[in-house]
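# Per-entry structural report
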There are 2 protein chains.
Amino acid sequence: MADEMGVFETIYQCRAMRRLKPDPVPEDLLVRLIDAANQAPTGSNVQGARWIVVRDAEQRAKLAELNRKAVTAYIGPQSGRPAALPHQPADKRQRMLDAVLWQADNMQHIPALVIACYEFPEPVPPSGAIRAGGSIWPAVQNLLLAARALGLGAAPTTLGLSDRDASRAVLGLPDNVEAFCLIPVGYPTGNFGPVTRLPVEETLRWDRWS
Amino acid sequence: MADEMGVFETIYQCRAMRRLKPDPVPEDLLVRLIDAANQAPTGSNVQGARWIVVRDAEQRAKLAELNRKAVTAYIGPQSGRPAALPHQPADKRQRMLDAVLWQADNMQHIPALVIACYEFPEPVPPSGAIRAGGSIWPAVQNLLLAARALGLGAAPTTLGLSDRDASRAVLGLPDNVEAFCLIPVGYPTGNFGPVTRLPVEETLRWDRWS
């Protein structure tokens, strides 16, 4: 398959892209992202992953406002949080924070906000929703990889949904659907580049922890 | 990148492979899986994903026994569960159950059992562990895609870890580490093939749920 990005190439070049242009993304590409996402496994193959792709300007503005409030509370200058973020050299941490704050200021202009949801057979008890993470987050990763391969920027955030009642009201979610993350999608203003992560030997043990 | 599988090709051909040969998997391939997994995003880029790759025969036998008990209780002939699995035609459901039961009988012979863990800065409250799903399951999906591209079969199961105390004791997990799933990895006895999933239009809504 010489005419698409290689899977390892994509995995190693799939950096979180938060600064995105307002240019619209063709609908067929958005559908392709969701279809690729749905190929991921779900527990017992129940396939309850559901997606809301928000392009309506008024809806985007409402979600952007919820996200802005949450970001301000969580990592704003008054929170003390920036200095507490672990495992990051100061310059890298600052770059991430700058991008998160840029995104908070500009989310309403990003052309598509994808909401990753899971539909349960019954009304959601909070614990039940959370336990389904293994049936929705693998799909989110497929979506991020597909976006990267199509030249689209994306990065999931849970912060924008942290006011659960308010975000559910904006999205019109029924009792049996839970939203897990919000993924702004658009063409990046900057360049894609390699991911940098911990050396593998710091993360891997053989046979037992200790 | 003509010399590796394409990312879409991999996503669409990444079926759960449960029947695996006992042949060992070269260590460098196992390390490659884990390194690919680690490229996935984690909340605030904390990178707490940790991996135990179990090759030791005695350890595999202990984990296989825990899994066998859990499978028997969950989907064995007495549980009534097989008939209850949703969204599956009867023949497909039966094939999946046959594979799960095969795996339960043979897990001790599968050459590598990968445990996906997350290391927290503090002892794990059960709720805290579960909320970290977004920081470990994307990595699991990267691992599955990397395995597929390397010709290895893999499929995550949470059932084998459902006796939490017993599995933690086998793995020697400290208080601040939680295990999320067990991924048997090996060369498949059968052929890879396409994933079949719901049509995308049944999973996608625009702008709001309703």
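Everything below is about the structure printed above this text.
Every contact between the two is made by 76 residues of chain A and, on the other side, 76 residues of chain B. Interface area for chain A against chain B, summed over the two sides, is near 7,100 Å², with a carbon-plus-sulfur share of 59%. When residues of chain A are sorted by the area they lose upon contact with chain B, Phe8, Arg197 and Trp209 of chain A head the list and together hold 12% of the total. The tally of links from chain A across to chain B stands at 42 residue pairs in polar contact (both at pLDDT 80 or more).

Attention shifts here to the pairing of strand β4 (residues 177-186) of chain B. Residue and element names in this part refer to chain B. Extensive coverage of β4 is indicated by the burial of 10 of its 10 residues. Sheet topology places strand β2 (residues 112-119) next to β4; eight bridges connect them, and they run antiparallel. Each bridged residue has a counterpart across the sheet, and for Glu119 the counterpart in β4 is Val177.

To continue, consider the pairing of strand β1 (residues 49-54) of chain A. Residues and elements named next belong to chain A. Among the six residues of β1, six are classified as buried, and the element is accordingly described as predominantly covered. With burial as the criterion, each face of β1 is covered, one bearing Ala49, Trp51 and Val53 and the other bearing Arg50, Ile52 and Val54. Examined bridge by bridge, β1 and strand β2 (residues 112-119) share six bridges and lie antiparallel to one another. Bridging across to β2, Val54 finds its partner in Leu113.

Residue and element names in this part refer to chain A. Summarising the element assignment, Tyr118 is placed in strand β2. Exposure remark for Tyr118: the relative accessible area of 6% places this residue in the buried category. Once you skip the residues sitting within four places of it in the chain, Tyr118 turns out to touch Val46, Gln47, Gly48, Ala49, Ala132, Ser135, Ile136, Asn176, Val177, Glu178 and Phe180. A distance of 3.3 Å separates the side chain of Tyr118 from the backbone nitrogen of Gly48, its partner in a polar contact.

With that settled, the discussion passes to the pattern of salt bridges. Side-chain pairs of opposite charge can arise whenever the charged atoms involved come near each other. All names here are of chain A. Per the stated rule, a full pass over the model turns up 14 salt bridges over all chains. For Asp91, the salt bridge identified is with Arg95, shortest N-O distance 3.8 Å. Of this pair, Asp91 and Arg95 both sit in helix α5 (residues 90-106), separated by four residues, roughly a single helical turn. The exposure class assigned to Arg95 is exposed, which follows from its relative accessible area of 52%. Here Arg168 makes a salt bridge to Glu178, at a shortest N to O gap of 3.3 Å. Placement of Arg168 in helix α8 (residues 164-171) and of Glu178 in strand β4 (residues 177-186) is noted, with a sequence separation of 10 residues between them. Both residues of the pair, Arg168 and Glu178, count as buried.

All right, on to the sheet that holds β4 of chain B then. If you trace the five strands from one edge of the open sheet to the other, you get β5(A)-β1(B)-β2(B)-β4(B)-β3(B), paired in mixed fashion. A single partner strand is all that each edge strand has here, and the edge strands are β5 (204-206) of chain A together with β3 (153-154) of chain B. The strands touched by helix α2 (residues 27-38) of chain B are β5 of chain A together with β1 (49-54), β2 and β4 of chain B; relative to β1 of chain B, the strand with the most contacts, the crossing angle is about 160°.

Basis of the calculations
- Residues numbered from 1 in each chain as written.
- Chains lettered and ligands numbered in written order.
- Predicted model: local features only at pLDDT ≥ 70, side-chain atom pairs only at ≥ 80, totals over all residues.
- Heavy atoms only, no water.
- Contact = heavy atoms within 4.5 Å.
- Buried area = accessible area lost by both parts, 1.4 Å probe.
- Polar contact = N/O pair within 3.5 Å; in protein donor to acceptor, adjacent residues only side chain to side chain.
- Buried < 20%, exposed > 50% of the residue type's maximum accessible area, 1.4 Å probe, protein only.
- Helix = DSSP H or I, 4+ residues; strand = E, 2+ residues; numbered from the N terminus.
- Pairing = 2+ DSSP bridges.
- Salt bridge = Lys/Arg side-chain N within 4 Å of Asp/Glu carboxyl O.
- Axes fitted to C-alpha atoms, helices over the stretch in contact; angles between N-to-C directions.

Spatial relationships are all this shows, so hold off on functional conclusions.
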